[in-house]
Amino acid sequence: SAVISQKPSRDICQRGTSLTIQCQVDSQVTMMFWYRQQPGQSLTLIATANQGSEATYESGFVIDKFPISRPNLTFSTLTVSNMSPEDSSIYLCSVDGQKSEAFFGQGTRLTVV
Amino acid sequence: GDSVTQMEGPVTLSEEAFLTINCTYTATGYPSLFWYVQYPGEGLQLLLKATKADDKGSNKGFEATYRKETTSFHLEKGSVQVSDSAVYFCALSISSSNTGKLIFGQGTTLQVKP
């Protein structure tokens, strides 16, 4: 199994500002994934982060709003840019496991005021 | 496109009652299927999985069988406990080499009363 640490665990931010969320894995992984869980709703994949290449974004998500970095095989960051209250969500990082399963971080609970 | 549909919640049961949470899917390929659980204030944890038709996943008294003919993966438990109160997510992955890319159902909140 993989142990995933996310920082911060929660934050309250002013609208118009940006927040960078960090995701650290205790082992090297090829792909890392960023999800959003809006209040009372399910998880939606934002993008797939590959080391050494640009992230691949899902429909409805763009790099200008959610820039992602993947500097090495154990670390990734997601930035939520120019935030509005609609960005208030839980943001989760996940990685592929070796036995057909995914592991998730604890999530970052973001509130935009 | 690929999708997962779960029964609407919340589901409220008394302790020791039988639980069923329905999950159906639509997929163009041969997906792997998962149930994830989110306890209050915590992250997602894998509960069980099945990677091919007729496989049964099981864990902590929960079971689900991959039914290709009905495109379903219903979650069951014979006797629920208060500690099972959580949000349950059904999910699929269409790539065996990329199981981190998941499509989730909307989640079903289970509340078990003593």
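Residues numbered from 1 in each chain as written. Chains lettered and ligands numbered in written order. Predicted model: local features only at pLDDT ≥ 70, side-chain atom pairs only at ≥ 80, totals over all residues. Heavy atoms only, no water.

A. Representation of the state of the cysteines in the model. Residue and element names in this part refer to chain A. Summed over all chains, the structure comprises two disulfides over all chains. The structure places no disulfide on Cys13, whose sulfur is separated from the nearest cysteine sulfur, that of Cys23, by 18 Å. By relative accessible area, Cys13 is classed as buried at 7%. (Disulfide = S-S within 2.5 Å. Buried < 20%, exposed > 50% of the residue type's maximum accessible area, 1.4 Å probe, protein only.)

B. Examining the packing of aromatic side chains more closely. Enumeration over the complete set of coordinates arrives at eleven aromatic pairs over all chains. Pairing Tyr35(A) with Phe104(B) gives two aromatic rings, centres 5.7 Å apart and planes at 90°, and the pair type is edge-to-face. Of the two residues, Tyr35(A) sits in strand E4 (residues 31-37) while Phe104(B) sits in strand E11 (residues 103-104), which places them in two different chains. With a relative accessible area of 0%, Tyr35(A) lands in the buried category. (Phe/Tyr/Trp six-rings, centres within 6.5 Å; stacked < 30°, edge-to-face > 60°. Helix = DSSP H or I, 4+ residues; strand = E, 2+ residues; numbered from the N terminus.)

C. Region of the structure containing the pattern of salt bridges. Overall, the coordinates contain five salt bridges over all chains when judged by the stated rule. Taking the shortest distance from any N to any O, the salt bridge between Lys101(B) and Glu58(A) comes out at 3.4 Å. Of this pair, Lys101(B) sits in the loop between strand E10 (86-93) and E11 while Glu58(A) is found in the loop between strand E6 (56-57) and strand E7 (68-72), placing the two residues in two different chains. A salt bridge links Asp84(B) to Lys77(B), with the nearest nitrogen and oxygen atoms 2.8 Å apart. Here Asp84(B) falls in the buried class, since its relative accessible area comes to 7%. The buried category is assigned to Lys77(B), whose relative accessible area is 10%. (Salt bridge = Lys/Arg side-chain N within 4 Å of Asp/Glu carboxyl O.)

D. Region of the structure containing the sheet that holds strand E3 (residues 19-25) of chain A. Residue and element names in this part refer to chain A. Taken together, the four strands give an open sheet; going across it, the order is E1-E3-E8-E7, and neighbouring strands pair in antiparallel fashion. Two strands lie at the open edges of the sheet, namely strand E1 (4-7) and E7, each paired on one side alone. The average angle at which neighbouring strand axes cross in this sheet is 15°, direction not considered. Alignment of E1 against E3, held across four bridges, turns out to be antiparallel. Considered in E3, the bridge of Lys7 is made with Gln22. (Pairing = 2+ DSSP bridges. Axes fitted to C-alpha atoms, helices over the stretch in contact; angles between N-to-C directions.)

E. Broad picture of the pairing of strand E8 (residues 62-65) of chain B. All names here are of chain B. In this structure, strand E7 (residues 56-59) lies alongside E8, joined through four bridges in antiparallel fashion. Note that in E8 the partner of Lys56 across the bridge is Thr65. Here E7 folds back onto E8, and the loop between the two strands holds two residues, one of which, Lys60, carries a positive phi near 55°. For E8 and strand E9 (residues 75-77), the ladder comprises three bridges, and the chain directions are antiparallel. Following the sheet pairing, Ala64 is matched in E9 by Leu75.

F. Spatial organisation of the interface of chain A and chain B. The partner chain B presents 18 residues to the 20 residues of chain A that form the contact. When chain A packs against chain B, the two sides together hide about 1500 Å² of surface, and 51% of this comes from carbon and sulfur. Counting across the chain A and chain B interface gives one salt bridge. Joining chain A to chain B, the criterion identifies five residue pairs in polar contact (both at pLDDT 80 or more). Contributing elements (two or more residues each) for the side of chain A that touches chain B: E4, strand E5 (43-50), strand E9 (89-96) and strand E10 (102-104) of chain A. Counting residues per element, the side of chain A that touches chain B draws most heavily on E4(A), which supplies four residues. Split by residue class, the side of chain A that touches chain B holds eight nonpolar, eight polar and four charged. (Contact = heavy atoms within 4.5 Å. Buried area = accessible area lost by both parts, 1.4 Å probe. Polar contact = N/O pair within 3.5 Å; in protein donor to acceptor, adjacent residues only side chain to side chain. Nonpolar A, V, L, I, M, F, W, Y, C, P; charged D, E, K, R; others polar.)

In short, geometric facts, not functional conclusions.
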